[in-house]
2 protein chains.
Amino acid sequence: MEDRIAYFNGRFMSIDKIRISPNDRGFLFADGVYEVIRSYKGKLFMYNEHIDRLKYSLSELKINFHNTASLKGIILELLRRNKLENVDATTYIQITRGEYERMLKFPPADVPPTVYIVPKPIQLDEQTIIKGIKAVSVEDVRWGRCDIKTVALLPNALAHQQAIEQGADIGLFTKDGNITEGTHVSVFGVKNGSLITYPAGKHILPSITRKVVKQLCEELNLELIEKAISLDSISDIDELFVVGTTPEITPVISVNDIIIANGKPGNITLMLQKAFNRFVGEL
Amino acid sequence: MEDRIAYFNGRFMSIDKIRISPNDRGFLFADGVYEVIRSYKGKLFMYNEHIDRLKYSLSELKINFHNTASLKGIILELLRRNKLENVDATTYIQITRGEYERMLKFPPADVPPTVYIVPKPIQLDEQTIIKGIKAVSVEDVRWGRCDIKTVALLPNALAHQQAIEQGADIGLFTKDGNITEGTHVSVFGVKNGSLITYPAGKHILPSITRKVVKQLCEELNLELIEKAISLDSISDIDELFVVGTTPEITPVISVNDIIIANGKPGNITLMLQKAFNRFVGEL
């Protein structure tokens, strides 16, 4: 894995050769943003949407990186150099406010941002998407701007680890008794044929796959209601699934050991999975 | 500045030679903790208290670094090598969960933490402590565990920058209308001869200087009430000051352009500053 070629501040180089300064604001302050872009056999999935979100994150943090037009060429070149053009992969992009003597205040405007981009092959367990996963609830103690995709992911790492230690595959953030989103995915429920998901806003990430599912719902004539799913209502819900760039549409079969419906992926989940695969096939 | 000698994972080296891996969890996830320890002419201030807090932070995040006993020798050696034994300095310590292929889950237990320690001289503007500083309120949107001193400082950096751009010296976090703490300091008010400061708990850092002030209040027979200071009550408060490792006890002369009392440091603030200087002199 570690002989991968990455892009770092204008150069392509082995990931082992890249060394971040201890004065990088990404290291000192989590002062940076990221994206993970999926490619199916070299074709970038929802590329423009990811770049739009990256621009939003950069703009909200006022990080001076404007050369987003250069990113597509870099990603495709990285996929080529790492022989990932014919497999499924994800490309990780991280941009920080750059390197400067430690101080909370932003550095001068001419300090260049740090740009780090690296792809890796995806090894998905097919069985996971077919059989579904177990979830547990974790308290959502994240900050008030979860709509920005920053690298301040400590609460996500802690919550995910907590879920793993409790024997689950994933953690679902719960705020005031309601499920907001997963540690790295969006959450959808199904009740009486309608889909339910947490409303867009500052409490959740504007997920790209959430957007795709929204579009698929329209195509399939499924009602999508943007409202909170309370943790208490889980025992009564018909279907539950999570969506994201890597897990695509993955059924959730239990939450805190409460089995969802009959413990098997539901019909609407399966229907959306098929529609998603068609959508990807049309790339 | 940049020819300073730092400590990095067991070795003393020039800060320029240190390069963090892009897979360091400090860089990827803000998965790390820090401390800043003051030294007055080579004498470490409240050293044990800082190490106790570091241990607390490490323990809350379950980071496997237990060799805290080695830190004192390293810090003193760094002060010596950087010729900071006879001046005022601060030493920055950052410990992250180490370097591992990017995943939210914790890496295996045998992955060593990253340890980075570097001192720098303090250049304080004496006039600041004498004349006081201007503050503005900033919304406290930080996560729910501000009692852990993590490097996920993005909200602090954003808030501090916002304060600077508004022409202030410092930002005061306000949650539900109450001042919790500053972007990098604790906040104290004085009303009718009594001190007021936000109660200890998950909303604020267990500040060491706050602890010193608490002790000085006991010695000076001053009442200290742990309760929230509402932003609305600022126009009516007698004195306001912030405390921290670097600013010590610094008067605040205005908040959001509302002048505190007569715009000059108050008597109790001055009394505490004197007591603080005595306390430091006794080191």
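Quick note: structure is the one above.
Predicted model only: the values in this text are computed from it and were never measured. (Residues numbered from 1 in each chain as written. Chains lettered and ligands numbered in written order. Predicted model: local features only at pLDDT ≥ 70, side-chain atom pairs only at ≥ 80, totals over all residues. Heavy atoms only, no water.)

### Quick notes on the sheet that holds strand E3 (residues 32-40) of chain B
All names here are of chain B.
Phase 1: Ordered in space as E2-E1-E6-E5-E3-E4, the six strands form an open sheet in which the pairing is antiparallel. Two strands in the sheet have a free side with no partner beyond their single neighbour: strand E2 (11-14) and strand E4 (43-44).
Phase 2: Examined bridge by bridge, E3 and E4 share two bridges and lie antiparallel to one another. Counted as the bridge partner of Tyr40 is Lys43 from E4.
Phase 3: The strands touched by helix H2 (residues 47-61) are E3, E4 and strand E5 (88-96); relative to E3, the strand with the most contacts, the crossing angle is about 175 degrees.
Phase 4: In this fold helix H3 (residues 71-81) packs onto strand E1 (5-8), E2, E3, E4, E5 and strand E6 (114-121), with an angle of close to 40 degrees to the strand it touches most, E6. (Pairing = 2+ DSSP bridges. Helix = DSSP H or I, 4+ residues; strand = E, 2+ residues; numbered from the N terminus. Contact = heavy atoms within 4.5 Å. Axes fitted to C-alpha atoms, helices over the stretch in contact; angles between N-to-C directions.)

### Description of the nonpolar core
Phase 1: Ile18, Tyr92 and Tyr116 of chain A together with Ile18, Tyr92 and Tyr116 of chain B are the most contacted members of the largest nonpolar core, which totals 40 residues.
Phase 2: Put simply, the parts of the chain that give this core at least two residues each are strand E1 (5-8), helix H1 (25-29), strand E3 (32-40) and strand E6 (114-121) of chain A together with E1, helix H1 (25-29), E3 and E6 of chain B. (Core = buried A, V, L, I, M, F, W, Y, C linked by side-chain atoms within 4.5 Å. Buried < 20%, exposed > 50% of the residue type's maximum accessible area, 1.4 Å probe, protein only.)

### Looking at the packing of H2 of chain B against H3 of chain B
Residue and element names in this part refer to chain B.
Phase 1: At a closest axis distance of 12 Å, the pairing of H2 and H3 adopts a crossing angle of 120 degrees. One element, H2, and the other, H3, form an angle in the oblique class. In terms of crossing hand, the pair formed by H2 and H3 is right-handed. Packed against H2, whose contacting residues are Tyr47, Ile51 and Leu54, the element H3 presents Leu71, Lys72 and Ile75 at the interface. (Parallel < 35°, antiparallel > 145°, perpendicular 65-115°, else oblique. Left-handed = near helix turned anticlockwise from the far one by under 90°.)

### Quick look at unusual backbone geometry
All names here are of chain A.
Phase 1: Notably, Asn9 is not glycine yet its phi reads approximately 45 degrees, a positive angle.
Phase 2: At Lys41, a residue that is not glycine, the phi angle is positive and equals roughly 50 degrees.
Phase 3: Its place among the elements puts Lys41 in the loop between E3 and strand E4 (43-44).
Phase 4: A relative accessible area of 60% places Lys41 in the exposed class.

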